[in-house]
Amino acid sequence: PASLREKYDVNSYDLYSYPNPAENTLTISFKLPQKTIATISVHDIFGNEVITAGSNHYSAGWNKEELSVNGLKPGVYLYKMNSEKITVVQRLVIQ
């Protein structure tokens, strides 16, 4: 059987945020290999969703979402891009 890396070609997905650390606004950029529905969200270290951009249709290639992080306490969070085929998670620091 094909490995997950081969089946979903994780190299064709990318996810990053800026600025990181963030204070007021966070831009999350992500690359998708094909048009898909995806959800962008931010979670605390306990896994609780604290911000979501909701589920949206995104085109193949680079996409971005801007989120307000004004209400978040300083600390470490995780941001996630969850598509129909794969979930990618990265670390985020709020100042």
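A brief report on the enclosed structure follows. Counting restarts for each chain: residues are numbered from 1 in the order of the written sequence. Predicted model: local features are reported for residues with pLDDT of at least 70 only, side-chain atom pairs are reported and counted for 80 or more only, and whole-chain, interface and lining totals are derived from all residues. Calculated side-chain values reflect all of the structure's heavy atoms, with hydrogen atoms and water omitted.

**Observations concerning the pairing of strand β6 (residues 75–83)**
One ladder, built from six bridges, connects strand β3 (residues 36–43) with β6; its direction is antiparallel. Its bridge partner being in β6, Thr39 is matched across the sheet by Asn82. If DSSP finds at least two bridges between two strands, the strands pair. Going along the chain from the N terminus, every DSSP run of H or I of four or more residues is numbered as a helix, and every run of E of two or more is numbered as a strand. Across eight bridges, β6 lies against strand β7 (residues 87–94) in antiparallel orientation. The partner of Tyr79 across the bridge, within β7, is Gln90. The hairpin formed by β6 and β7 contains three residues between the paired strands.

**Here we look at the nonpolar core**
By nonpolar core we mean a set of buried residues, namely Ala, Val, Leu, Ile, Met, Phe, Trp, Tyr and Cys, connected to one another through side-chain atoms within 4.5 Å. Relative accessibility thresholds used throughout: buried, under 20% of the residue-type maximum; exposed, over 50%; partly exposed, between the two (1.4 Å probe, protein chains only). By size, the foremost hydrophobic cluster in this structure holds 22 residues, and its most contacted members are Ile28, Phe30, Val42, Met81 and Leu92. Only β2 (25–32), β3, β4 (49–58), β6 and β7 provide two or more residues apiece to this core.

**A look at the sheet that holds β7**
Strand order in the open sheet made by the four strands is β4-β3-β6-β7, with antiparallel pairing throughout. Of all strands in the sheet, those bounded by a partner on one side alone are β4 and β7. The average undirected angle you get between the axes of adjacent strands in this sheet is 15 degrees. Helix axes are fitted to C-alpha atoms over the stretch in contact, other axes to C-alpha atoms as well, and angles between N-to-C directions run from 0 to 180 degrees.

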